[in-house]
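Okay, here's what each chain looks like letter by letter:
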Amino acid sequence: MNKQTTMLALLLAAASFTAGCTSETGSKPSDQTATQPPSQNNSHKNTQAQAQPDPLTDERTKAALATTVMKNNSGVQEVTNMNDVLVVVNKQRNLQSTFEPSDLVEPNIPFSFKEKSPRKMMRKEAATALEELFAQAKAENIDLLGQSAYRPYSMQKSVFARLTKKYGSEEKANAVSAYPGQSEHQTGLAIDITSKRMGNTLEQTFGDTPEGKWLAANAPKYGFIIRYPKGKESITGYAYEPWHIRYVGKTVAQEITEKGITLEEYLSQ
Ligand SMILES: [Zn+2]
């Protein structure tokens, strides 16, 4: 227990240090003025940002797995960057039950069902990219349908409870569905895609259809990755899901796809 308490204290100290670095850039104005060249008067910008900024490396460093998770009072690991486009939510990294993205919108794409639902919503940036992906699919006569995008914590909780009852244990339910708080759908950055050919189902055979192949080849150009690829089950914690795409932005999506790695691997390097 003592060891754990010490470790937690260290983690807390590290976390507050990081937060201080990123949010209190104006706390030492005299130091900053002293280190800046005399010709620059931008006292609100820190000097590190002015020295050859590389936005992509910066984003990647900020989202690194090791520094974006913290244990809560119940010992549950919670992510600290839930609004980051690169946030990683998986079986080791939970979202708080109260987390809800603030910029959810409904993308203008065909869905497999008619009624209004949170399942049609995505974060704005992802929704815009999804509309572009679907427009290109349509132009190439590829029939794709949105099946399930945003899923609030409460919805995941009831789905998981229903499956636990059906399969007899939480462990068995977890083989096919995420624990509440561990679903990437709660980030508003993921969507499950199906097609008429698949009869609106989500099956691994989707990956062998023209629609599934087109999706895998083209999603990265619009900023999406196949989040749970074949052969990466031990890293992602999930079986191959050719239907589940996740928005990470164009540059990152293309790099991850070209290297054949997962989001976890990209943010561990
Ligand atoms: Zn999914």
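Notes on the structure follow. As the structure is a computational prediction, the values presented were derived from the model and not from experiment.

Criteria and thresholds
- Residues numbered from 1 in each chain as written.
- Predicted model: local features only at pLDDT ≥ 70, side-chain atom pairs only at ≥ 80, totals over all residues.
- Heavy atoms only, no water.
- Salt bridge = Lys/Arg side-chain N within 4 Å of Asp/Glu carboxyl O.
- Helix = DSSP H or I, 4+ residues; strand = E, 2+ residues; numbered from the N terminus.
- Buried < 20%, exposed > 50% of the residue type's maximum accessible area, 1.4 Å probe, protein only.
- Pairing = 2+ DSSP bridges.
- Axes fitted to C-alpha atoms, helices over the stretch in contact; angles between N-to-C directions.
- Contact = heavy atoms within 4.5 Å.
- Parallel < 35°, antiparallel > 145°, perpendicular 65-115°, else oblique.
- Left-handed = near helix turned anticlockwise from the far one by under 90°.
- Nonpolar A, V, L, I, M, F, W, Y, C, P; charged D, E, K, R; others polar.
- Phe/Tyr/Trp six-rings, centres within 6.5 Å; stacked < 30°, edge-to-face > 60°.

As for the pattern of salt bridges
Then comes step 1: Here the structure, examined in full by the defined rule, presents 12 salt bridges.
Then comes step 2: Between E59 and K62 there is a salt bridge, and its shortest N-O distance comes to 3.6 Å. Here K62 and E59 lie together in helix 4 (residues 55–62), a separation of three residues that amounts to about one turn.
Then comes step 3: By relative accessible area, K62 is classed as partly exposed at 46%.
Then comes step 4: Measuring nitrogen to oxygen at the nearest pair gives 3.7 Å for the salt bridge that ties R151 to D192. With R151 in the loop between strand 5 (145–148) and helix 6 (153–167) and D192 in strand 6 (residues 190–194), the pair connects residues that are 41 residues apart, well separated along the chain.

Topic: the sheet that holds strand 6
Then comes step 1: Reading across the sheet, the four strands line up as 5-6-8-7 and stay open at both edges, with antiparallel pairing between neighbours. Only two strands of the sheet have a single partner each, and these edge strands are strand 5 and strand 7 (224–228). The mean inter-strand angle of the sheet, taken between neighbouring strand axes irrespective of direction, is 45°.
Then comes step 2: Here strand 6 pairs with strand 8 (residues 241–247) via three bridges, running antiparallel. Its bridge partner lying in strand 8, D192 is registered against H244.
Then comes step 3: Contacting strand 5, strand 6, strand 7 and strand 8, helix 5 (residues 124–139) crosses the sheet at an angle of about 130° to strand 8.

Notes on the packing of helix 5 against helix 8 (residues 210–218)
Then comes step 1: Remark: helix 5 packs on helix 8, axes separated minimally by 11 Å, with the N-to-C direction vectors making an angle of 130°. The angle between helix 5 and helix 8 falls in the class oblique. Viewed along their axes, helix 5 and helix 8 form a crossing whose handedness is right-handed. Here L133, Q136 and A137 of helix 5 lie close against helix 8, whose contacting residues are W214, L215 and N218.
Then comes step 2: Each residue belonging to the contact of helix 5 with helix 8 can be placed in one class, and the counts come to four nonpolar, two polar and no charged.

Digging into the environment of P180
Then comes step 1: Mapped onto the elements of the fold, P180 is located in the loop between helix 7 (170–174) and strand 6.
Then comes step 2: Spatially, the C-alpha atom of P180 lies 7.8 Å from that of S154, the residues being 26 residues apart in sequence.
Then comes step 3: Beyond its immediate sequence surroundings of up to four residues, P180 is in contact with N94, Y153, Q156, K157 and F160.

Section: the packing of aromatic side chains
Then comes step 1: Going through the model one piece at a time under the given rule, you end up with four aromatic pairs.
Then comes step 2: With centroids separated by 4.7 Å and ring planes inclined at 35°, the aromatic side chains of F160 and Y179 adopt a geometry described as tilted. One end of the pair, F160, is in helix 6; the other, Y179, is in the loop between helix 7 and strand 6, with 19 residues separating them in the sequence.
Then comes step 3: Classification of F160 as buried rests on a relative accessible area of 4%.

Observations regarding the environment of V105
Then comes step 1: Here V105 is to be found in strand 3 (residues 104–105).
Then comes step 2: The spatial distance from the C-alpha of V105 to the C-alpha of G188 is 9.4 Å, given a sequence separation of 83 residues.
Then comes step 3: Beyond its immediate chain neighbours, meaning those up to four positions away, V105 contacts K120, M121, M122, K124 and A127.

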